[in-house]
Amino acid sequence: GGTRKGPRGPTSRFYELPAGVRARGLCVALSLKLAQDDLHIVDSLHIAENEGKYLVDLHRYRDWGPSVLYVGATHDSLTPNMDDALLELKASVFMTLEGLNVYSMLKFDTLVISADCLNHLQRRLLHYKYRIYRPRQPLRGYERELIDDFPSSFDTIR
């Protein structure tokens, strides 16, 4: 009853979640951080001083906890002063919006996000929440009217 060539090794069960499921996970994680008062929105991530002590004092003054995740829209959001200051803090990390995930949001105690990054994130989440499945077959008359009446773009909420 044996097989001729035997097993070929462990099979990977990895699969990527659909984009809508990942978007809902980000919404839940953001809502959780907001409910726990661990979500802080700042105008920009620029700091004027070149000292890491300034950021340590800022964490202590605002009671941000031991680990902080800073999220910016692009790598340009991270200035050299901020980069040097983050080296002083062992449990604080900078991440771009492209790398933001639910695991990282829940791993860190506090989430500090810039306003422009939040606008980009909001646009992306609204896109996945309200996008329409467009079938390959031609639509019937009433279905076509429903799609034509739906707004194609969303304004950001301030």
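Residues numbered from 1 in each chain as written. Predicted model: local features only at pLDDT ≥ 70, side-chain atom pairs only at ≥ 80, totals over all residues. Heavy atoms only, no water.

So what exactly am I meant to see when it comes to the pairing of strand 4 (residues 110–114) here?
On a regular strand, one side chain projects to one face of the sheet and the next to the other, so that they alternate. With five of its five residues buried, strand 4 lies for the most part within the structure. Covered by surrounding structure in strand 4 are Thr 110, Val 112 and Ser 114 together with Leu 111 and Ile 113, the residues of both alternating faces. As judged from the four bridges shared by strand 1 (residues 39–42) and strand 4, these two strands associate in the parallel manner. Within strand 4, the residue paired with Ile 41 across the bridge is Ile 113. Where strand 2 (residues 68–72) and strand 4 come together, four bridges link them in parallel fashion. Counterpart to Tyr 70 in the pairing with strand 4 is Val 112. (Buried < 20%, exposed > 50% of the residue type's maximum accessible area, 1.4 Å probe, protein only. Helix = DSSP H or I, 4+ residues; strand = E, 2+ residues; numbered from the N terminus. Pairing = 2+ DSSP bridges.)

For this particular structure, what's the right way to read the pattern of salt bridges?
A pair can form between side chains of opposite charge whenever their charged atoms are brought close. Considering all chains together, one arrives at two salt bridges under this definition. Between Arg 22 and Glu 16 there is a salt bridge, and its shortest N-O distance comes to 3.3 Å. We classify Glu 16 as exposed; its relative accessible area is 56%. A salt bridge links Asp 57 to Arg 60, with the shortest nitrogen-to-oxygen separation between them at 3.3 Å. Taken together, the residues Asp 57 and Arg 60, both in helix 2 (residues 52–62) and three residues apart, mark about one turn of the helix. Under the relative-accessibility criterion, Asp 57 is labelled partly exposed at 30%. Given a relative accessible area of 59%, Arg 60 falls into the exposed group. (Salt bridge = Lys/Arg side-chain N within 4 Å of Asp/Glu carboxyl O.)

Which parts of the structure should I look at to understand the packing of helix 1 (residues 19–35) against helix 5 (residues 115–130)?
If you want to describe how two helices pack, look at the angle between their axes and the distance between the axes. Their axes nearest at 9 Å, the elements helix 1 and helix 5 cross at an angle of 130°. As the angle between them shows, helix 1 and helix 5 are arranged oblique. Helix 1 and helix 5 meet at a crossing whose hand is left-handed. Where helix 1 abuts helix 5, its residues Ala 19, Ala 23, Leu 26, Cys 27 and Leu 30 lie against Leu 121, Leu 125 and Tyr 128. Of the residues assigned to the contact of helix 1 with helix 5, the class counts are eight nonpolar, no polar and no charged. (Axes fitted to C-alpha atoms, helices over the stretch in contact; angles between N-to-C directions. Parallel < 35°, antiparallel > 145°, perpendicular 65-115°, else oblique. Left-handed = near helix turned anticlockwise from the far one by under 90°. Contact = heavy atoms within 4.5 Å. Nonpolar A, V, L, I, M, F, W, Y, C, P; charged D, E, K, R; others polar.)

Where do I start with the side chain of Ser 67 in this structure?
With respect to the helices and strands, the residue Ser 67 is situated in the loop between helix 2 and strand 2. Apart from the residues lying within four places of it in its own chain, the contact partners of Ser 67 are Ala 91, Lys 107, Phe 108, Asp 109 and Thr 110.

Even after reading the chapter, I still don't get the nonpolar core, so can you show me in this structure?
Ranked by size, the top nonpolar core spans 18 residues in total, and within it Leu 30, Leu 69, Val 71, Leu 100, Met 105, Leu 111 and Leu 121 carry the most contacts. When contributions to this core are tallied by element, the ones reaching two or more residues are helix 1, strand 2, strand 4 and helix 5. Here this core takes four residues from helix 1, the largest share from any one element. What Met 105 contacts, discounting residues up to four positions off in sequence, is Leu 26, Ala 29, Leu 30, Lys 33, Leu 69, Leu 100 and Leu 111. Counting 14 residues, the second-largest nonpolar core is a separate cluster that includes Leu 45, Trp 64, Val 68 and Leu 86. (Core = buried A, V, L, I, M, F, W, Y, C linked by side-chain atoms within 4.5 Å.)

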